[in-house]
Amino acid sequence: MSVDSADREMMKSARPAGGMVTVFGGSGFLGRHIVHALARRGYRVRVAVRRPNDAHYLRPMGVVGQVEPVQANIRDEASVQAAVAGAVAVVNLVGIMNESGKQTFEAVMSEGAGRIARAAAAAGVPALVHISAIGADEEGASEYARAKAAGEKAVRAAFPDAAIVRPSIVFGPEDSFFNRFAGMARLSPVLPLIGGGTMRMQPVYVKDLAEGVARIVERDGTGGMVYEFGGPERKTFRELMELLLVNIARKRVLLPIPVFAAKAMAFFTQFIPNPPLTPDQVRLLGIDNVVSEAAEAEGRTLAGLGVRATAMEIVLPTYLYRFRRGGQFERINAS
């Protein structure tokens, strides 16, 4: 991601530095980068999380007192209301890829999203940015996709001027996509290609996503918009696995697996803590995950916000080297 002088002219601040921005889910993969992007702009950042002790590492991202974790559970009305009080903007990043106990798709990504939006509206917060996902669909085959769509609907009902951001797969040093499959490749001679690996993805670098969110927070004219964030390249799942193997300098068999077989396998793996694959994720992997032509034409993208998306080839070697046999000292052959 790069910003030139022309881009800086576009970054007119509707919510000037010094105001408070509440970030729900700020201690996670996306959150740490968004908190940093906001703090660099001079905002005070209230990081609303279930376990504040897990977010103390964010404090050095700003000057003393600029970044403060607070306790908030999006299933609890009172804690959400307290977290949004006095904010000039609210960012909701909370999401899960698999259900566990009370952390269900409906409770977190639908009901929780609506609760945050209602609290922000009641508190008179000027701006709300809700992070959803490309593929959110009320009629989708995946429970995850339906819950994301329900969350968007609940947000719109309570806060019509909310900006919604739908990213594709997000990559970066702490991601759960490339790191997960790289870890699998380190142990297994085979990488599975569900449905043949033909699904298209448009991975977006986490720092680019964070920059885009920060620009939405600080600008006028973003209310009510639905943005779609993707990187500069569209690749099939197979092509992403090939790129992964180049970067970890390993040769593995890419084995196409029929969807029905993947679902049968996922039925058992879903009961493992932090499961590598669930039946719902198999259904999700049957849907293309790319920015729509409409979003590109209407400027509802990173480029429309003046952010130059970063290529995977630049970033992947900076963190996937740990999966090579010789670590960072082993050369890779990109041919």
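All figures in this text were calculated on a predicted structure; none of them were measured in a lab. Position numbers for residues count from 1 along each chain, tracking the sequence in the order it is written. With the structure being a predicted model, the display of local features is reserved for residues of pLDDT at least 70 and the display and counting of side-chain atom pairs for 80 or more, all residues being used for whole-chain, interface and lining totals. Water and hydrogen atoms were dropped before computing side-chain values, which therefore reflect all heavy atoms in the structure.

(A) Local environment of the pairing of strand E4 (residues 89-92). Burial of the side chains of E4 extends over both faces: Ala89 and Val91 are buried on one face and Val90 and Asn92 on the other. Following DSSP output, two strands are said to pair if at least two bridges run between them. Elements are defined by DSSP. Helices are runs of H or I of four residues or more, strands are runs of E of two residues or more, and each kind is numbered from the N terminus. Where strand E1 (residues 20-24) lies against E4, four bridges are found, and the strand directions are parallel. Bridged to Thr22 within E4 is Val90. One ladder, built from four bridges, connects E4 with strand E5 (residues 127-131); its direction is parallel. Directly across from Val91, in E5, lies its bridge partner Val129. Looking down the strands as they point away from you, a crossover is right-handed if its path from the first strand over the helix to the second goes clockwise. Following the chain from E4 across helix H4 (residues 105-122) to the adjacent parallel E5, one finds a crossover that is right-handed. Summary of the burial criterion: residues with accessible area below 20% of their type's maximum are buried, those above 50% are exposed, and those between are partly exposed, where the area comes from a 1.4 Å probe applied to protein chains only.

(B) How the structure looks around the nonpolar core. Ranked by size, the top nonpolar core spans 70 residues in total, and within it Leu38, Phe178, Phe229, Met241, Leu244 and Leu320 carry the most contacts. Throughout this description, the term nonpolar core refers to a set of buried Ala, Val, Leu, Ile, Met, Phe, Trp, Tyr and Cys residues connected via side-chain atoms within 4.5 Å. Residues Val90, Met109, Ala113 and Leu128 belong to the second largest nonpolar core, which totals 27 residues.

(C) Representation of unusual backbone geometry within the structure. With a phi close to 55 degrees, Ala249 is a non-glycine residue in the positive phi region. When you line up the elements, Ala249 lands in the loop between helix H8 (237-247) and strand E13 (253-257). Classification of Ala249 as partly exposed rests on a relative accessible area of 22%.

(D) Spotlight on the packing of aromatic side chains. Between the rings of Phe, Tyr and Trp (Trp by its six-membered ring), a pair exists once the centres lie within 6.5 Å; its type follows the angle of the planes, with under 30 degrees stacked, over 60 edge-to-face, and the other angles tilted. Scanning the model with the defined rule gives eight aromatic pairs in all. Ring geometry for Phe177 versus Phe178: centroids 5.0 Å apart, planes at 85 degrees, classification edge-to-face. Across this residue pair, the class does not change: Phe177 and Phe178 are buried. The interplanar angle of 65 degrees and the centroid separation of 5.4 Å between the aromatic rings of Phe177 and Phe181 together place this pair among those described as edge-to-face. Overall, the relative accessible area of 13% leaves Phe181 in the buried class. Among the aromatic residues, those joined into a ring-pair cluster are Phe171, Phe177, Phe178, Phe181, Tyr205 and Phe237.

All we've got here are geometric facts, nothing functional implied.
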